[in-house]
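Working through the structure, step by step
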Amino acid sequence: MSACEIRSPLARSPGLPKSAEGDPTFPEPWAAEAFAMTVHLHEKGLFTWSEWAAALSAEVHKPGRAEDGSDYFDCWVAALSGLLVDKHIADADAILSLQKSWQRAAEATPHGQPIELENDPLR
């Protein structure tokens, strides 16, 4: 899909890494999933483009963020999580609990195997 075929303005987000053809690129599958989730939630009307841009900008410009943009998708996820919490769509404690569970699942998954939440030894 070329950049001109992407309907959501989120795909044209300043700072979003792009290929030579202008398509969004992602360093890891989770980043693509976070992007797709954000586009979907925006298209469903859970937040406006302006709200998203403000949330992402605030995360990208927080002190301690990587000057080279290498943590761009970490900022993306933090902005999405914060926006969903601020709008009372998600619970901050539930998000944190799931993040920790996914981390434990990743650490418990043998190399080369898919990471599944069921791999969390505390679940």
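Scroll up to find the structure.
Summarised in this report is the structure supplied together with it. (Residues numbered from 1 in each chain as written. Predicted model: local features only at pLDDT ≥ 70, side-chain atom pairs only at ≥ 80, totals over all residues. Heavy atoms only, no water.)

1. Considering the environment of L80
Position of L80 relative to the elements: it lies in helix α3 (residues 72–86). You can call L80 buried: its relative accessible area is 6%. In contact with L80, other than residues within four places in its own chain, are A34, M37, T38, L41, F47 and W52. (Helix = DSSP H or I, 4+ residues; strand = E, 2+ residues; numbered from the N terminus. Buried < 20%, exposed > 50% of the residue type's maximum accessible area, 1.4 Å probe, protein only. Contact = heavy atoms within 4.5 Å.)

2. Some remarks on the nonpolar core
In this structure, W52, L56 and W76 are the most contacted members of the largest nonpolar core, which totals 18 residues. Elements that contribute at least two residues to this core include exactly α1 (29–43), α2 (49–60) and α3. Sorting elements by how many residues they give to this core places α3 first, with eight residues. (Core = buried A, V, L, I, M, F, W, Y, C linked by side-chain atoms within 4.5 Å.)

3. Overview of α3
For α3, built from 15 residues, the straight-helix expectation of 21 Å at 1.5 Å per residue is met to within 8% by its first-to-last C-alpha distance of 21 Å. Elements in contact with the buried residues of α3: α1, α2 and α4 (92–108). Just beyond α3, the residue with positive phi is H88, at close to 60°. (Expected span 1.5 Å × (residues − 1).)

4. Structural notes on the pattern of salt bridges
Applying the stated rule across the entire model yields five salt bridges. Salt-bridge contacts for K87 lead to E51; the nearest nitrogen and oxygen are separated by 3.2 Å. Pair noted here: K87 is in the loop between α3 and α4 and E51 is in helix α2, with a separation of 36 residues, a long-range link. By relative accessible area, which is 31% here, K87 ends up partly exposed. E59 is the salt-bridge partner of K62, the closest N and O atoms lying 2.9 Å from each other. Look at E59 and you get buried, because its relative accessible area is 11%. Salt bridges sharing common partners tie together E59, K62, R65 and D71. (Salt bridge = Lys/Arg side-chain N within 4 Å of Asp/Glu carboxyl O.)

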